[in-house]
Amino acid sequence: MVVPTPSSPLAALIRSEDGDDFLPSKVLVIVAHPDDIDFGTAGTVATLTDHGVEVVYGLVTSGQAGEPADLSPVDLAELREAEQGAAATIVGVSELHWLGFPDGAVVADLELRKAISRLIRIVKPDLVITQTPERNFERIYAAHPDHLATGEAVVSAVYPDSRNAKSFPELLDEGHEPHAVSRVWLMAGPAGSTNIHVDISTNLNRKIEALMAHDSQNGPRADVLPNMIREWAAANAEASGTQWAAVESFRLINTE
Ligand SMILES: [Zn+2]
């Protein structure tokens, strides 16, 4: 594994408005559903893996409440896990963890916090990327209740659960030692909340390819989605104050 330094080429592709020069060496992305990663952060994932950063995915559900309606939840979960695996391969990710919670019924309870804490202790990332727990009324699809619950549980798992030996002592019995995550990046927050930006200009097409690997969900929108993604990336770039052409933006939380 290559550990980037602040002078590495990766540093030139990440801009923190607060001047934080932290660069990740191992990243865990945790989301509610298959394709959430590809809408929100696949361009960043591709940029990180291009520079030797290891990225691992954790998915709270298998998307078993999605389309098509005539497929059983079991068959749909199998299909969507395969689609997410293909999408991950496109952006350089091969390790995926499925937490098995029910799609459409995710709540930020202790059971979910424990499952995420266990995953954090297994993967030991220094950066966690997840969904914002804040409802964004301007983007109501991004503010799906499963997303908000996942974000809330992940932030709680980062601090304090996964670093505190007294949280979920049964995890210690399983052999999972406490682990402190240094930073969290939140996706899809309310306007004006983002403060860290990633140049995805060279990976925009891979992001779109990864998103379209979720054919069961996005195939029917293949005529409009690629342009929508390009417009979002350009709008993020414009708002970021950088000279980049395509950007994914996050809210950076220092949890040290
Ligand atoms: Zn979702």
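The structure presented is a predicted model; accordingly, all values stated were derived computationally and were not measured.

Chemist: Would you explain the overall build of the protein in this entry?
Modeler: When helices and strands are counted, the protein shows nine helices and eight strands. Relative to a compact globule of 256 residues, whose C-alpha radius of gyration would be 18 Å, the protein shows 17 Å and is just as compact. For the protein, the C-alpha atoms occupy an extent of roughly 50 × 50 × 35 Å along the three principal directions. A burial count over the protein gives 48% of its 256 residues as buried. Looking at the protein alone, contacts between residues at least 24 apart form 76% of all its contacts between residues at least 6 apart.

Chemist: I keep staring at the packing of helix 7 (residues 204-212) against helix 9 (residues 225-240) and nothing clicks. Help me out?
Modeler: The description of two helices packed together rests on the angle between their axes and the distance between the axes. Remark: helix 7 packs on helix 9, axes separated minimally by 10 Å, with the N-to-C direction vectors making an angle of 140°. Between helix 7 and helix 9, the interaxial angle falls into the category oblique. The way helix 7 lies across helix 9 gives a crossing that is right-handed. Contacts between helix 7 and helix 9 involve Leu204, Lys207, Ile208 and Leu211 on the former and, on the latter, Leu225, Pro226, Ile229, Arg230 and Ala233. Classifying every residue of the contact of helix 7 with helix 9 gives seven nonpolar, no polar and two charged.

Chemist: Where do I start with the nonpolar core in this structure?
Modeler: If you look at soluble globular proteins, the nonpolar side chains tend to sit buried side by side. One finds Val29 and Val128 to be the most contacted residues of the largest nonpolar core, which totals 66 residues. When residues in this core are grouped by element, the largest group, seven residues, is from helix 5 (residues 145-158). Ignoring sequence-local partners within four residues, the contact set of Val128 consists of Leu28, Ile30, Val154, Val158, Val181 and Val184.

Chemist: Help me understand helix 3 (residues 73-90) in this model?
Modeler: Note that an α-helix has 3.6 residues per turn; residues three or four places apart therefore point the same way. With 18 residues, helix 3 should cover 26 Å at 1.5 Å per step; its first-to-last C-alpha distance of 26 Å lies within 8% of that length. For helix 3, the set of buried residues is Leu76, Ala77, Leu79, Arg80, Glu83, Gln84, Ala87, Ala88 and Ile90. Summarising the contacts, the buried residues of helix 3 are in contact with helix 1 (36-40), strand 3 (54-61), strand 4 (95-101), helix 7 and helix 8 (215-218). Among the residues trailing helix 3, Gly92 stands out with phi positive, at a value near 85°.

Reading the values: rules and limits
Going along each chain's sequence as written, the residues are numbered from 1 onward. Local features in this predicted model are restricted to residues whose pLDDT is 70 or higher, and side-chain atom pairs enter the listing and the counts only when it is 80 or higher, whereas totals over whole chains, interfaces and linings include all residues. A helix here means a DSSP run of H or I that spans at least four residues, while a strand means a run of E at least two residues long, and both kinds are numbered starting from the N terminus. Radius of gyration: C-alpha atoms only; globule rule: 2.2 Å multiplied by the number of residues to the exponent 0.38. Burial is judged by counting other C-beta atoms within 10 Å of a residue's own C-beta: 20 or more means buried, 12 or fewer means exposed, and anything between counts as partly exposed, with every C-beta placed from the backbone. C-beta atoms are placed from the backbone for every residue, and two residues are taken to be in contact when these atoms lie within 7 Å. Lines fitted to the C-alpha atoms define the axes, with helices restricted to the stretch that makes contact. Angles between their N-to-C directions range from 0 to 180 degrees. Orientation categories follow fixed angle ranges, with anything under 35 degrees roughly parallel, anything over 145 roughly antiparallel, 65 to 115 roughly perpendicular, and all other angles oblique. In a left-handed crossing the near helix is turned counterclockwise from the far helix by less than a right angle, and in a right-handed crossing that turn is clockwise. Polar here means any residue outside two lists: the nonpolar Ala, Val, Leu, Ile, Met, Phe, Trp, Tyr, Cys and Pro, and the charged Asp, Glu, Lys and Arg; Gly therefore counts as polar. In this description, a nonpolar core means buried residues of the types Ala, Val, Leu, Ile, Met, Phe, Trp, Tyr and Cys, linked to one another by C-beta atoms lying within 7 Å. By definition here, a helix of n residues has an expected span of 1.5 Å times n minus one.

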